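Given next are the chains, with one letter for each unit.
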Amino acid sequence: MEQYIMKGGNPLVGDVTISGAKNAAVAILPAALLINGTCTINNLPNISDVKIYCEILENLGAKIHWNSTNELTIDTRNIDTTEAPIDLTSKFRASYYIIGAMLGRKGEIEVGMPGGCKLGARPIDQHIKGFEALGANVDIGQGKIIAKAKKLKGASIYMDITSVGATINAMLAAVLAEGTTTIDNAAKEPHVVDVANFLNSMGAKIRGAGTDVIRIKGVEKFGDCQYSIIPDQIEAGTFMTAAVATKGDIMIKNVIPKHLEAISAKLIEIGAEVVEFDDAVRVSATKRLESTNIKTLPYPGFPTDMQPQMAVTLALSNGTSVISESIFENRFRYVDELTKMGATIQVDGRTAIISGVEGFTGADVHAPDLRAGAALVIAGLSAKGFTTVSDIGYIYRGYEQFEQKLKQLGGEIQLVNNEKEVAKFKLKIG
Ligand code: EPU
């Protein structure tokens with residue numbers, strides 16, 4: 001029963017360094033399959049999703065050497081199977097990038113249906129639309145996806161929905177296709193741009209990533225490359241809300257402030273102080289903050305992956321706030337848990353109405369998904385008394401050294417494995 005135990009009340013104060021972006025890493029790793037050579041990837045977050053991805057790539061025949069905690073070299077010269085392990089690929093969402101990459105590399109792949117956080121239906125029709133437009137056949141059945149293409153040919157792809165995953169998958173399948181591909185209504189998230197930059201660094205010809213229209217001129221092959229992943233926008237945002245919810249003062253280093261604008265704007269609006277530096281933001285709050293309304297939207301709108309952390313902040317603010325979730329239909333599963341800590345939140349479909357309370361009290365809660373798990377930890381660190389958060393495997397998926405980083409900022413938090421360790425923590429912290 002691995003869980004975090006914490007005693008809330010300490011303002012989080014000090015410096016924290018943000019790791020590489022999870023959602024870029026889980027696309028860049030499979031993108032390396034397209035090289036048929038070697039590449040070194042730096043600023044990789046050391047998180048469980050990355051480790052599972054490495055296992056999947058090794059199963060396909062890649063050789064991976066970790067040069068340090070956050071850098072690896074991957075050799076994809078001997079990719080000798082087109083069957084990715086079903087048990088591993090069905091564990092998480094981003095395994096769908098194997099399809100785009102392997103269609104480009106081998107013209108064929110069999111993977112498990114992608115799993116991941118249960119945020120709603122999460123269809124993959126736009127991914128399939130992209131593959132089929134490029135000339136692939138896709139069959140789905142018995143928990144598997146089988147995609148095959150004799151020859152991939154450039155095409156015009158119009159995405160009916162702005163989808164991060166479908167945009168990246170279309171880029172992966174198109175970079176080695178014959179001719180030119182256009183992706184209209186493309187997602188513009190920073191990690192979409194990072195994947196395009198990675199592919200370009202190995203010789204792809206992608207223009208327009210970060211805008212609505214991405215143009216890709218197919219090339220014949222790629223060369224070896226070295227690449228450093230961008231900092232994680234959501235990890236940074238999580239620490240920004242942690243500073244505010246605990247009335248602390250955190251210098252958040254290794255960030256791209258531009259990627260944080262939607263989050264900074266909302267925090268400033270409710271009365272927090274946010275100061276931008278070249279590659280850092282300092283976030284602090286000294287008083288109780290005010291309410292606001294938020295609607296989650298594709299980038300550059302307010303990110304859905306910051307919605308639970310922001311809800312925790314607003315649940316402690318003065319007045320009534322409304323959050324509308326426009327990306328995933330089932331992203332309020334943390335509300336029942338937060339209610340146990342004293343939050344007053346009413347959910348009606350995709351809308352949460354939050355009546356701010358003066359403070360939370362500690363409770364035993366469980367993480368329903370990755371970002372909600374991080375949000376509940378922040379709630380615990382701002383609550384009176386002890387809180388335990390279980391099902392923290394979700395948090396490991398996306399946050400490197402979360403507990404250590406919070407401890408470094410003065411948070412009383414510990415990973416515990418049994419009741420004895422819980423009792424010991426309570427005795428020690430008092
Ligand atoms: N959608 C479709 N059809 C598709 C693809 C998506 O209807 O073929 C819908 C989805 O159901 C959703 C919307 O389009 O309503 C947007 O989904 P998108 O494809 O953009 O999301 P994703 O690729 O499944 C990525 C991140 C998520 C993040 C979303 C939105 C990865 C591995 N995951 O998911 O990250 O919430 O984009 O920004 O990149 C997280 O990190 O905690 C996380 C859930």
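The structure presented is a predicted model; accordingly, all values stated were derived computationally and were not measured.

### Focus: the packing of helix α8 (residues 233-245) against helix α9 (residues 261-269)
Here α8 crosses α9 at 10°, and the two axes come no closer than 10 Å. One element, α8, and the other, α9, form an angle in the roughly parallel class. Residues Gln-233, Gly-237, Met-240, Thr-241 and Val-244 of α8 form the contact with α9, whose own contacting residues are Ile-263, Ser-264 and Leu-267. Its residues placed into classes, the contact of α8 with α9 shows 4 nonpolar, 4 polar and no charged.

### Looking at helix α6 (residues 164-174)
Because an α-helix completes one turn every 3.6 residues, residues spaced three or four positions apart along the sequence face the same direction. For α6, the buried fraction is high: 10 of the 11 residues fall into the buried class. All buried positions along α6 are accounted for by Gly-165, Ala-166, Thr-167, Ile-168, Asn-169, Ala-170, Met-171, Leu-172, Ala-173 and Ala-174.

### Description of the environment of Asn-418
With respect to the helices and strands, the residue Asn-418 is situated in the loop between β23 (412-416) and α15 (419-429). On the accessibility criterion, Asn-418 (32% relative accessible area) is partly exposed.

### What about the sheet that holds strand β13 (residues 225-228)?
One open sheet accounts for 4 strands, arranged β4-β5-β3-β13; its pairing is mixed. Edge positions in the open sheet fall to β4 (63-68) and β13, since each of these has one partner strand only. On average, adjacent strands in this sheet sit at an angle of 15° to one another, irrespective of strand direction. Bridge count for β4 against strand β5 (residues 71-75) is 5 bridges, and the pairing is antiparallel. Note on β5: the bridge partner recorded for Lys-63 is Asp-75. Against the sheet, helix α2 (residues 48-60) touches β4 and β5, its axis set at about 145° to β4. Here helix α7 (residues 190-201) sits on the sheet and contacts β3 (38-42) and β13; the angle it forms with β13, its principal contact strand, is near 160°.

### Here's the deal with unusual backbone geometry
The linkage connecting Tyr-299 with the following residue, Pro-300, adopts the cis geometry, with an omega of 10°. The topology assignment puts Pro-300 in the loop between β17 (293-295) and α10 (307-315). Even without being glycine, Asn-36 reaches a positive phi, approximately 55°. Tracing the backbone shows Asn-36 in the loop between α1 (22-31) and β3. Since its relative accessible area comes to 45%, Asn-36 is described here as partly exposed. You will see that Lys-247, though not glycine, has its phi angle at about 55°, which is positive. Here Lys-247 shows up in the loop between α8 and β14 (249-253).

### Observations concerning the nonpolar core
With 82 residues, the main nonpolar core has Ile-41, Leu-57, Ile-98, Met-171, Phe-198 and Leu-199 as its most contacted residues. Excluding anything up to four places from it in sequence, Ile-41 contacts Ile-28, Leu-29, Asn-70, Glu-71, Leu-72, Ile-74, Phe-198, Tyr-227 and Ile-229. Within the second largest apolar cluster, 68 residues are counted, among which are Tyr-4, Val-312, Ile-323 and Tyr-334.

### Comments concerning the site of the ligand
Around the ligand lies a shell of 24 residues, among which Tyr-96, Gln-126, Ser-163, Asp-305 and Ile-327 are the nearest. Backbone polar atom of Ile-327 to an oxygen atom of the ligand: 2.5 Å apart, as the coordinates give it. Here Arg-371 contributes a side-chain N or O atom positioned 2.8 Å from an oxygen atom of the ligand. Contact with the protein chains covers 91% of the free accessible surface of the ligand, which is 830 Å². At the level of elements, α1, α5 (125-133), α6 and α12 (370-382) are the ones that each hand at least two residues to the shell around the ligand. If you tally residues by element for the shell around the ligand, the top one is α5, at 3 residues.

### So, the pattern of salt bridges
Taken as a whole and judged by the stated rule, the model has 16 salt bridges. The salt bridge partner of Asp-160 is Lys-129, with a shortest N-O separation of 3.1 Å. Here Asp-160, found in the loop between β9 (156-158) and α6, pairs with Lys-129, found in helix α5; they are 31 residues apart in sequence, far enough to count as distant. Overall, the relative accessible area of 29% leaves Lys-129 in the partly exposed class.

Conventions and cut-offs
Residues numbered from 1 in each chain as written. Predicted model: local features only at pLDDT ≥ 70, side-chain atom pairs only at ≥ 80, totals over all residues. Heavy atoms only, no water. Axes fitted to C-alpha atoms, helices over the stretch in contact; angles between N-to-C directions. Helix = DSSP H or I, 4+ residues; strand = E, 2+ residues; numbered from the N terminus. Parallel < 35°, antiparallel > 145°, perpendicular 65-115°, else oblique. Contact = heavy atoms within 4.5 Å. Nonpolar A, V, L, I, M, F, W, Y, C, P; charged D, E, K, R; others polar. Buried < 20%, exposed > 50% of the residue type's maximum accessible area, 1.4 Å probe, protein only. Pairing = 2+ DSSP bridges. Core = buried A, V, L, I, M, F, W, Y, C linked by side-chain atoms within 4.5 Å. Near = heavy atom within 4 Å. Polar contact = N/O pair within 3.5 Å; in protein donor to acceptor, adjacent residues only side chain to side chain. Areas by Shrake-Rupley, 256 points an atom, 1.4 Å probe, with all protein chains shown as cover. Salt bridge = Lys/Arg side-chain N within 4 Å of Asp/Glu carboxyl O.

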